[in-house]
Amino acid sequence: MREATTATALPVDTESDRRTRVLLAIACVMLAGLIYAVVVRDEAVSCPNELIGAWETSVRGYEDGMLVFSKTDVIFSVGAEHVDAQAVRGLETIPNGLRTLYTVIYGDSRRDEQALSFYYHTKEQTITFKNQSHLVWARKALQS
């Protein structure tokens, strides 16, 4: 005689679970970046406090994207599947009225350096990429 087996339901992947995985991935990448920075001992470049944190946009097509700045790293995230952390190697600041143009130079090495230029709007506390003015990024509120 065969015994009846009971099917167990697999847990549903909730938005909260997905965000937790993304934040854990970001934390791991930041830790790796810190270790890398200590090992390489390149001259440290420090991002200003107004940029530090996770930034999100509600623009269609970028809903799962996140931009994260720490003191020494910039992290690009597209959902839990793709997280890319890079060391900040240089930072240029140009005040322009109520906004500041930042150009962040980032990369794993001098050969891999890339630049990201964006405006930080002091009053709205938002970021707008210099070459994509339709994308407005706001700092993500921390959830407890």
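Parameters at a glance
- Residues numbered from 1 in each chain as written.
- Predicted model: local features only at pLDDT ≥ 70, side-chain atom pairs only at ≥ 80, totals over all residues.
- Heavy atoms only, no water.
- Helix = DSSP H or I, 4+ residues; strand = E, 2+ residues; numbered from the N terminus.
- Buried < 20%, exposed > 50% of the residue type's maximum accessible area, 1.4 Å probe, protein only.
- Polar contact = N/O pair within 3.5 Å; in protein donor to acceptor, adjacent residues only side chain to side chain.
- Salt bridge = Lys/Arg side-chain N within 4 Å of Asp/Glu carboxyl O.
- 1 Å grid on protein atoms, 1.4 Å probe; cavity = no way out; pocket = protein on both sides within 12 Å on 5 of 7 lines; lining within 4 Å.
- Points joined across faces, edges and corners; volume = space filled by probe spheres on them.
- Nonpolar A, V, L, I, M, F, W, Y, C, P; charged D, E, K, R; others polar.

**Some remarks on the side chain of Thr-103**
And step 1. Residue placement: Thr-103 occurs in strand S5 (residues 99-106).
And step 2. Taking relative accessible area as the criterion, Thr-103 reaches 16% and is therefore assigned buried.
And step 3. A polar atom in the side chain of Thr-103 sits 3.0 Å from the side chain of Ser-117.

**Topic: the pattern of salt bridges**
And step 1. Applying the stated criterion across every chain, the model contains three salt bridges.
And step 2. For Arg-18, the salt bridge identified is with Asp-64, shortest N-O distance 3.3 Å. Note that Arg-18 is positioned in helix H1 (residues 15-40) and Asp-64 in the loop between strand S1 (53-56) and strand S2 (65-69), a separation of 46 residues in sequence.
And step 3. Judged by its relative accessible area of 43%, Asp-64 falls in the partly exposed class.
And step 4. The residue Arg-19 makes a salt bridge to Glu-56 at a minimum N-O spacing of 2.7 Å.

**Quick word on empty space enclosed by the protein**
Regions of empty space are outlined by a rolling probe, equal in size to a water molecule, passed over the atoms.
And step 1. Per the counting criterion, the structure on display carries one cavity of 30 Å³ or more.
And step 2. The volume enclosed by the largest cavity comes to roughly 50 Å³.
And step 3. At the level of secondary structure, the elements contributing two or more residues to the lining of the largest cavity comprise H1 and S2.
And step 4. Here the lining of the largest cavity gets three residues from one element, more than from any other, and that element is H1.
And step 5. When grouped by side-chain class, the residues that make up the lining of the largest cavity number two nonpolar, one polar and five charged.

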